[in-house]
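Here's the letter readout for the chains.
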Amino acid sequence: MYIPVKRTLSDRHDDNVMLDVFLAFQFIGGIGNIAMLLTAIFSRRVIRHSTWLNFCVTWVIFSISYTLLFFAGQQRSSLQTAYPLCLTQASLIYGAPVLVAYASVSLVAQVALSARALILFKIHKPSPYQTLLLLIVPYILWFSAVIAALVSGVKFPETVSRNFDDGGLYCEITTGIPGRIVAVLVGIALVLAFTLEIMLGVTLRKNWAAFEGHHSKLPMSMIIRVAVFVGVSVLAFSTVFVFLSRQFSVSNVVLSLLPFFSFVTFATQKDLLSVWTFRPHP
């Protein structure tokens, strides 16, 4: 059961600072990913695989999930959020890490398949079923996590609330069950992504001469960016333990930085920057 503690003026000031930082990074990351997505869709100079486009979409969903109270006009309210809205956000935020984690796995898998095809001197044309699988699996697992959290919140409505002792940034479910489900699913995703990265690195190292002559079709910069992002995500998503430990303060900052970092990692690619700055294609 949630038992409130007495808050001082200093505590409330710190909460406001934390809220501003949390929202700022979420919005920059979400809007940035929308900008990358729209640029890749409408600009002929920026060509991206559907798994990359989907990767951007999932980070937008991630940011919206964590800022839902802001859009509902309840973010700075000192009162408990209405149960339906609170349950909706709580369910979404437990599903969001699962969605982006498996979208990352799909992106790494697509890059690995493309690199392997280039090494074998083949034109990589994945079957529609392969692409569909890479796109739909993250949403199936996301939906499963959301439903699990929703069922838990409906069964134990007294556990659905905002923890104002930790700033009340978003709604949560205090039973711990949704958190354990998220921890397991995200943990599996990170192991898969890291394993695929290692396999890709070993493959490139053994076949560098074959890949080097065709890397323009799969820029090395893209491989490096994906590898860096996955590496940082492994460290960042390790903070998923917060769903179990109930120690939120540091992890809230990390959660807000993830969509921002995904934007910065991929927005610095030359073709995107050339479109945004109206420069000739590099």
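Whatever comes next refers back to the structure up there.
Keep in mind it's a predicted model, so treat the numbers as computed, not measured.

1. Observations regarding the state of the cysteines
Tallied over the full model, the rule gives one disulfide. The disulfide bridge from Cys86 ends at Cys171, spanning 2.1 Å between sulfur atoms. Its torsion about the S-S bond being -115°, the disulfide of Cys86 and Cys171 is classed as left-handed. Placement of the pair is Cys86 in helix α4 (residues 83-119) and Cys171 in strand β2 (residues 171-173), with a sequence separation of 85 residues. Per residue, the accessibility class of Cys86 equals that of Cys171, and both read buried.

2. Some words on the pattern of salt bridges
With the rule as written, the count across this model stands at two salt bridges. Across the salt bridge formed by Asp20 and Arg76, the nearest N and O atoms sit 2.5 Å from each other. Pair noted here: Asp20 is in helix α1 (residues 9-42) and Arg76 is in the loop between α3 (68-71) and α4, with a separation of 56 residues, a long-range link. Taking relative accessible area as the criterion, Asp20 reaches 39% and is therefore assigned partly exposed. Note on Arg76: relative accessible area 53%, which makes it exposed. When the shortest N-O distance is used, the salt bridge between Asp271 and Arg48 registers 2.8 Å. With Asp271 in helix α11 (residues 270-276) and Arg48 in the loop between α1 and α2 (50-66), this pair connects stretches of sequence that are 223 residues apart.

Reading the values: rules and limits
Residues numbered from 1 in each chain as written. Predicted model: local features only at pLDDT ≥ 70, side-chain atom pairs only at ≥ 80, totals over all residues. Heavy atoms only, no water. Disulfide = S-S within 2.5 Å. Helix = DSSP H or I, 4+ residues; strand = E, 2+ residues; numbered from the N terminus. Buried < 20%, exposed > 50% of the residue type's maximum accessible area, 1.4 Å probe, protein only. Salt bridge = Lys/Arg side-chain N within 4 Å of Asp/Glu carboxyl O.

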